[in-house]
Amino acid sequence: MITDTTHFRPGIGERLDEILARTRSELEKGLVPVNIFANADIFDAEMERIFAKSWVFLGFESEIPEKGDFLQRRIGRDSVIVTRDGKGEIHVLANFCRHRGTKLCQTDVGNQSHFRCPYHGWVFKNNGDWIGAPDKSKAYKGLDSKDWNLLKAPHVESFLGMIFASLDPDAPTLMDYLGGAAWFMKGLMDLHPGGMSPMGPPDRYKVRGDWKTGSENFGGDGYHVGVAHGSVQTIELAQGFDVLNNFSTHYVIPGGHSFLGHDFDSMFGPDGHVWYYPPDIQQHFDLNRLDPLLQDVVKKNPPIVGTIFPNLSFLRFFGPPSPGKPPAVYTSWRQWQPSGPGEMELWSWQLKWNFMDEQQAADSYAAGQFGFSSAGIFEQDDTVVWEGAPEAARSVWARKEQTSFNMQMGMEGMGQQVLDHSWEGPGEAWRPGPGEPSQRAFYKHWLSQMAEMGE
Amino acid sequence: MNKISADVEFAIRQFLGLEAMLLDNGRLEEWVGLLDEAILYEIPLRISARKREDEFPRGAFRMHEDMAMIRKRLERMGTAENWAEDPASRTVRTVGSIFVEADEGEGIFRVHSALSLYRQRAIDRAYEWIPARRIDLIRFGDNGECRLVRRTVILAETILQTPNLAIFL
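The numbering scheme is per chain: residues are counted from 1 as the chain's sequence reads. Written order decides the labels, with chains lettered from A and ligands numbered from 1. This being a predicted model, a pLDDT of at least 70 is required before a residue's local features are given, and a value of 80 or more before pairs of side-chain atoms are given or counted; all residues contribute to the totals for chains, interfaces and linings. Side-chain calculation: all heavy atoms of the structure are included, whereas hydrogens and water are not.

### Examining the layout of surface pockets
Regions of empty space are outlined by a rolling probe, equal in size to a water molecule, passed over the atoms.
Part 1: Cavity means a closed set of points on a 1 Å grid over the protein atoms alone, one where a 1.4 Å probe fits but cannot get out, pocket means an open set with protein on both sides within 12 Å along at least 5 of 7 lines, and lining means a residue has an atom within 4 Å of a point. Grid points are joined across faces, edges and corners, and a volume is the space filled by probe spheres set on the points. Within this model, the largest pocket holds a volume of roughly 1000 Å³.
Part 2: Lining the largest pocket are 39 residues, with Met199, Gly200 and Tyr365 of chain A together with Arg58 and Gly59 of chain B sitting closest to its centre.
Part 3: By definition, any uninterrupted DSSP run of H or I lasting at least four residues is a helix, any uninterrupted run of E lasting at least two residues is a strand, and each is numbered from the N terminus. Those elements giving two or more residues to the lining of the largest pocket turn out to be strand 3 (69-75), strand 6 (109-111) and helix 13 (358-371) of chain A together with strand 2 (61-65) of chain B.
Part 4: Looking at the lining of the largest pocket, the element that brings in the most residues is helix 13 of chain A, giving eight residues.
Part 5: Its residues placed into classes, the lining of the largest pocket shows 19 nonpolar, nine polar and eleven charged. Gly is put with the polar residues, along with every residue not named as nonpolar or charged; the nonpolar set is Ala, Val, Leu, Ile, Met, Phe, Trp, Tyr, Cys and Pro, and the charged set is Asp, Glu, Lys and Arg.

### A few points about the domain arrangement of chain A
Residue and element names in this part refer to chain A.
Part 1: Bear in mind that the domain bounds are from an automatic or database domain assignment. Domain parsing of chain A yields domain 1 (56-166) and domain 2 (176-452).
Part 2: The C-alpha centroid of domain 2 is placed 33 Å from the C-alpha centroid of domain 1.
Part 3: Residue-level contacts link 14 residues of domain 1 with 23 residues of domain 2.
Part 4: What counts as buried area is the accessible surface, traced by a 1.4 Å probe, that two parts surrender upon association, with contributions from both included. Carbon and sulfur atoms supply 68% of the area buried between domain 1 and domain 2, which totals about 1600 Å² over both sides.
Part 5: On the domain 1 side of the interface with domain 2, the three residues burying the most area are Phe60, Arg74 and Leu160, jointly 33% of the side's total.
Part 6: Across the pair Arg204 and Asp108 runs a salt bridge whose closest N-O atoms are separated by 2.8 Å.
Part 7: The definition of a polar contact used here is a pair of N or O atoms within 3.5 Å, where within protein one atom must be able to donate a hydrogen and the other to accept one, and adjacent residues in sequence count solely through side-chain atom pairs. Our count for the domain 1 to domain 2 interface comes out at five residue pairs in polar contact (both at pLDDT 80 or more).
Part 8: Where the side of domain 1 that touches domain 2 is concerned, the elements lending two or more residues are strand 2 (55-60), strand 3 and strand 11 (162-166).
Part 9: For the side of domain 1 that touches domain 2, the leading source of residues is strand 2, giving three residues.
Part 10: Taken together, the residues that form the side of domain 1 that touches domain 2 break down as seven nonpolar, two polar and five charged. Contact criterion: two residues are considered in contact whenever any of their non-hydrogen atoms come within 4.5 Å of each other. Criterion for a salt bridge: a side-chain nitrogen of Lys or Arg within 4 Å of a carboxyl oxygen of Asp or Glu.

### Overview of the interface of chain B and chain A
Part 1: On the chain A side, the residues contacting the 39 residues of chain B number 41 residues.
Part 2: When chain B packs against chain A, close to 3500 Å² is buried across both sides, 50% of that on carbon and sulfur atoms.
Part 3: Remark: the boundary between chain B and chain A carries 27 residue pairs in polar contact (both at pLDDT 80 or more).
Part 4: Contributing elements (two or more residues each) for the side of chain B that touches chain A: strand 2 and helix 3 (67-77) of chain B.

### A short note on the sheet that holds strand 5 (residues 128-140) of chain B
All names here are of chain B.
Part 1: Read across the sheet, six strands follow the order 2-1-6-5-4-3 without closing on themselves; strand pairing throughout is mixed. In this open sheet, the two edge strands, each paired with only one partner strand, are strand 2 and strand 3 (90-105). Here the strands of the sheet are splayed against their neighbours by 15° on average, with no regard to which way each runs.
Part 2: Two strands are counted as paired when DSSP detects at least two bridges linking them. Where strand 1 (residues 35-44) meets strand 6 (residues 146-155), four bridges bridge the pair, whose relative direction is parallel. Bridge pairing in strand 6 places Leu40 opposite Arg150.
Part 3: Inter-axis angles, ranging from 0 to 180 degrees, are taken between N-to-C directions of lines fitted to C-alpha atoms, where helices are fitted over the stretch in contact. Against the sheet, helix 1 (residues 6-24) makes contact with strand 3, strand 4 (108-120), strand 5 and strand 6, and its axis sits at roughly 150° relative to strand 3, the strand it touches most.
Part 4: Helix 3 rests against strand 1 and strand 2 of the sheet, and its axis sits at about 80° to strand 1.

### Re the sheet that holds strand 5 (residues 90-94) of chain A
All names here are of chain A.
Part 1: Reading across the sheet, the four strands line up as 5-4-3-6 and stay open at both edges, with antiparallel pairing between neighbours. Edge positions in the sheet fall to strand 5 and strand 6, since each of these pairs with one other strand and no more. Sheet twist, expressed as the mean angle between neighbouring strand axes with direction ignored, is 30°.
Part 2: As paired elements, strand 3 and strand 6 share three bridges and run antiparallel to each other.

So, in structure tokens, the structure goes:
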């Protein structure tokens, strides 16, 4: 985590509102100013206006199955404790003692009915309630304990076993926040009543890229695959990169969410149905759990990546668990955790269907890990190409020239992509690729959140 | 447990030194030649937990690779599209605290070592340091040559500070 932010102060004459105003006018043209990728003022405003306001993903219910289980997680840069209390309810608590701010929880996981501060010994229940302190009758006879509970997220909700919280007392419900994205998430996660759960804790690694770049890339960047990940096709562990964009659909959902579908049948033949899941997995699916249109999407145009605003994305693709073995389909939910201006930690969970036997789960894990992990043969190249934007943002020259990055792909006059007016699902469907409607929509929503409280 | 002979210990120390030299000099094909065909190269995920035995959740890895996967990685490194290592990192690894713990039978020895790996990528910028312990199974063959049968890398970090593991540890 960066503590010294002096390198990231805006240049002379640059003010937050000016950058945002320029972003607004540039976005109209499909452009994004470099300034927003490594600027301390932008970063601080993101923490306040986006991460302290949005519904932020925290983990999976199955990571804290028992009463007393807890996780240490993040909302933006804030450390929070996600607990399951004695009644089985889930709480999201600020991870510091109300007395003097000492961190209460130093581990990633654990099981405790209460948290005792190691400094002076204030004690809090795992629902956040203040329940005591040493020498209470001599020291705090008059203390109104309810004023000294841990800070508790006002809204905590789960959907498909995924825990989200919002720190905004006026937040909409999670379902209203997700809107049409919830429909696509059901298509991904609700093909079987047993659902999905992570196979272990997240793989975590520091990337010197901006969190927005991860969100925007997984929101619908099919265009980078053939170049950034070209090696994977060259060594014959994946195919179809050259035609990928001709078979893609960008589903753009209000609220900054997006999904990138692909016509697997056209790309990979009739076995491409439903993400190329092999018959021994597909036989368990009950597509009737989904409405007819969603069934159609899952069969013919399943999304392989997507982003839930602000910093949660998923990936579902296939590859061999080891070269030469038949392909397995893998699913990863991943979070772009902002750690400082132009820096993030990538957290990635790999999921299994709960009906899977041990071998099926292990194959899926191995295939996913080989592709997308701190050592993944796809992912390692992303971690390097994403280092560029923050470095450009720190460039005096780039800022002096009022440089913007290009997100015009697929706009009118640029290419073959058009809005599909026959689309009856949520949001908009733009087809075919290549195009960047998801990226433009992501930054437009980002701007709307940044500007709303800032003017 | 049989006593570890000086010959075995010397051969293992030489083997680990040779391996480190080959890896730092990018002589990966020769390094793969030091691996047993049944190699398992694994890096378990580590978390912060109160009890040491809870730091390594079962079945969770950053890498868990057989020979076919390792060979594929080398093939990938040989393409012109290996952006994570373009150019290859400059690494200097120190392998120390070598401890030949046990004779596991059939000429296989359990060997502990500490790895301190300096990695500098691309241009002269912030360097990266990857500290780890390794638990190896090394076969000491009848011909006096060693082969790596299994490597378990125990990273000191729970959140990896280098952006990728595009290098072997």
